[in-house]
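# Descriptive analysis of the structure
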Amino acid sequence: MAGWIMDKNVGIYIHIPFCASKCAYCDFYSLVGRDQLMPKYQNALIRQFRDAEEILSPYLIDTIYFGGGTPSYYGTKRIIQLFNALKKYGRVLLESEVTIEVNPDSISLWDLRQLRKAGVNRLSIGAQTANDKLAASLGRRHNFAQVEKTVANARRAGFDNISLDLIFGLPNQSKVDWAETLGLAAALKPEHISCYGLRIEEGTPLYLYKDFPDIPDDDDQADMYLYTVEALHDLGFHQYEISNFAVSGRESRHNLKYWNREEYFGFGPTASSYVGDLRYTYVSDLVAYIGGLERGESVIVSQDDIPKSEQAVEYLMLGLRTTRGITGQEYYRIYQSNFEPIEALLEGYARKGWAVRRGDRWRFTPAGFLLSNQLIREILDAHSEQKFVVGMPWRKNDYRGEMQQIEFS
Ligand code: SF4
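Let me begin by describing the structure that accompanies this report. Predicted model, so just to flag it, every value in this text is computed and none were measured.

## Description of the overall build of the protein chain
Helix and strand counts for the protein chain stand at 16 helices and 16 strands. Radius of gyration (C-alpha) of the protein chain: 22 Å, near the 22 Å computed for a compact globule of 409 residues. With the C-alpha coordinates aligned to their principal axes, the bounding extent of the protein chain is approximately 65 × 50 × 40 Å. Looking at the protein chain residue by residue over its 409 residues, the buried ones come to 54%. Taking the intrachain contacts of the protein chain between residues at least 6 apart in sequence as the baseline, contacts between residues at least 24 apart amount to 69%. On the protein chain, roughly 19100 Å² of surface is accessible, and the fraction owed to carbon and sulfur atoms is 50%.

Below, the structure written as structure tokens:
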């Protein structure tokens, strides 16, 4: 099956849905108090890797991401066992980027040494804030001294690719406080920083407080965001995505696959895969996931062939999250249609300072990123008015999904 024609790179995401406790703002699929399911989950995942051996065989795995939940809470031995199983059933490239998300309260120097020795080479540390009171109020289980210690331990263990996750716009967080967090985080000299504006999602404990005055309003969040972009730029981090900043060459290769619409396989409850034109997602229920795999049943809950028009929507939405941006040529390659109405909008945004054009690439400025929900909506409206201008009947098969809308000439 494997051969030089078939070889293509792919990313692997493994969802670890266990946490020691639930943070107030969290709407990820993660469970507390279900640790007794860990051994069964481990077996289910390894069985699934084994069953995927043939599907994985045409691919070279060049990124692996253990996300959660809290993979460090799941345990180093289990993570290494999963990594080894992936190496057994898939072709993992030696130069792969292998990331694990860790929380400072569940990772020791010993863990870090074991992980590094096994080949894990990138850490994403859930720091969130340097203000210990704020961290505690959100239900975080660590203080900033533990973040500092984790970074120091990671360096001792040999990690040279460390990312810190931070959140701004927290209840009771002032702009000064956020600036302090950013400064203290940057002082640890990570290679990568992710900064997310707090979004209060329905169903989270924080939702009860969504209208409280001590939550920074949109204007304050906007100020914090623009400050972040400028401050991190001055500190040597370049922005490569709306919320992500890296020193040169340390962008997350795995996350770039999502934004560049490259292929990936996901494993675990809620995980999605995107292969060819197909996207499928696993059930968001750990017990159903384990049970289904034990019985040899499918645990896929949705599966879609993504039509070209939808692929173009994703191209626009995801591309405009990045500083790489979009081009008319790429748009045309996916969805043979006229880019001019979209370009006209972008030119209008450029006049307002929200977008810039470099060569043939369009991207948002930081001010544009702030408005990106609204701007992308306008761009998608312009896209939805487009019809194919397809003059190549031999490409009909590529566009089968849209046949009702198109008249091929
Ligand atoms: S540690 Fe992460 S995944 Fe777990 S509850 Fe907190 S925010 Fe959610």
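Next, the rest of the story.
## Re the pattern of salt bridges
Under the defined criterion, the tally for this structure stands at 18 salt bridges. The partner of E191 in a salt bridge is R155, and the shortest N-O contact between them spans 3.1 Å. One end of the pair, E191, is in the loop between α8 (175–187) and β8 (192–197); the other, R155, is in helix α7 (residues 144–157), with 36 residues separating them in the sequence. The buried category is assigned to E191, whose relative accessible area is 13%. In this structure R155 comes out as partly exposed when scored by relative accessible area, which is 31%. Between R321 and E241 there is a salt bridge, with its nearest N and O atoms 2.6 Å apart. Of this pair, R321 sits in the loop between α12 (308–319) and α13 (328–334) while E241 is found in strand β9 (residues 238–241), placing the two residues 80 residues apart along the sequence. R321 sits in the partly exposed class, given a relative accessible area of 31%. Salt bridges linked by common partners bring D62, K257 and E262 together as one network.

## Here we look at the side chain of T322
Residue position: T322 is located in the loop between α12 and α13. Polar contacts involving the side chain of T322 include one to the main-chain carbonyl oxygen of G319, which spans 2.7 Å. A distance of 3.2 Å separates the side chain of T322 from the backbone nitrogen of G325, its partner in a polar contact. Setting aside chain neighbours within four positions, we find T322 in contact with Y240, E241, W259, R363 and F369.

## Some remarks on the packing of helix α1 (residues 38–51) against helix α11 (residues 286–294)
The N-to-C vectors of α1 and α11 enclose an angle of 50 degrees; their axes lie 9 Å apart at closest approach. One finds that α1 runs oblique with respect to α11. Handedness of the α1/α11 crossing: left-handed. Residue-level inspection shows K40, Y41, A44, L45, R47 and Q48 of α1 in contact with α11, the latter providing L286, Y289, I290, L293 and E294. Considering only residue class, the contact of α1 with α11 consists of seven nonpolar, one polar and three charged.

## Focus on the site of the ligand
As a matter of local geometry, the ligand sits amid C19, S21, K22, C23, Y25, C26, S30, G69, T70, N103 and R140. Here the shell around the ligand is composed, by residue class, of four nonpolar, five polar and two charged.

## Comments concerning helix α4 (residues 76–89)
When the terminal C-alpha atoms of α4 are compared, their 20 Å separation across 14 residues agrees well with the 20 Å that a helix rising 1.5 Å per residue should span. For α4, the set of buried residues is T76, I79, I80, L82, F83, A85, L86 and Y89.

## What about the side chain of N121?
Mapped onto the elements, N121 comes out in the loop between α5 (109–118) and β6 (122–128). Polar side-chain contacts of N121 include one of 2.7 Å to the backbone nitrogen of V98.

## Quick notes on the state of the cysteines
Tallied over the entire structure, the rule returns zero disulfides. Here C195 stays free of any disulfide, with the sulfur of C23 as its closest cysteine sulfur at 17 Å.

## Some points on the layout of surface pockets
Roughly 340 Å³ of internal volume is contained in the second largest pocket. Residue assignment for the lining of the second largest pocket shows that the elements contributing at least two residues are α1, β11 (264–267) and β13 (278–282). Top element by residues in the lining of the second largest pocket is α1. It accounts for four residues. Here the residues of the lining of the second largest pocket sort into 11 nonpolar, four polar and three charged.

## What to know about the pairing of strand β5 (residues 91–102)
In this structure, strand β4 (residues 59–68) lies alongside β5, joined through six bridges in parallel fashion. The residue of β5 that forms the bridge with Y65 is T99. Sheet analysis places β5 next to β6, joined by four bridges and oriented parallel. Bridging across to β6, I100 finds its partner in L123.

Each value, and the rule that gives it
Residues numbered from 1 in each chain as written. Predicted model: local features only at pLDDT ≥ 70, side-chain atom pairs only at ≥ 80, totals over all residues. Heavy atoms only, no water. Helix = DSSP H or I, 4+ residues; strand = E, 2+ residues; numbered from the N terminus. Rg over C-alpha atoms; globule rule 2.2 N^0.38 Å. Buried < 20%, exposed > 50% of the residue type's maximum accessible area, 1.4 Å probe, protein only. Contact = heavy atoms within 4.5 Å. Areas by Shrake-Rupley, 256 points an atom, 1.4 Å probe, with all protein chains shown as cover. Salt bridge = Lys/Arg side-chain N within 4 Å of Asp/Glu carboxyl O. Polar contact = N/O pair within 3.5 Å; in protein donor to acceptor, adjacent residues only side chain to side chain. Axes fitted to C-alpha atoms, helices over the stretch in contact; angles between N-to-C directions. Parallel < 35°, antiparallel > 145°, perpendicular 65-115°, else oblique. Left-handed = near helix turned anticlockwise from the far one by under 90°. Nonpolar A, V, L, I, M, F, W, Y, C, P; charged D, E, K, R; others polar. Near = heavy atom within 4 Å. Expected span 1.5 Å × (residues − 1). Disulfide = S-S within 2.5 Å. 1 Å grid on protein atoms, 1.4 Å probe; cavity = no way out; pocket = protein on both sides within 12 Å on 5 of 7 lines; lining within 4 Å. Points joined across faces, edges and corners; volume = space filled by probe spheres on them. Pairing = 2+ DSSP bridges.

Geometric descriptors of this kind do not, in isolation, establish any biological role.
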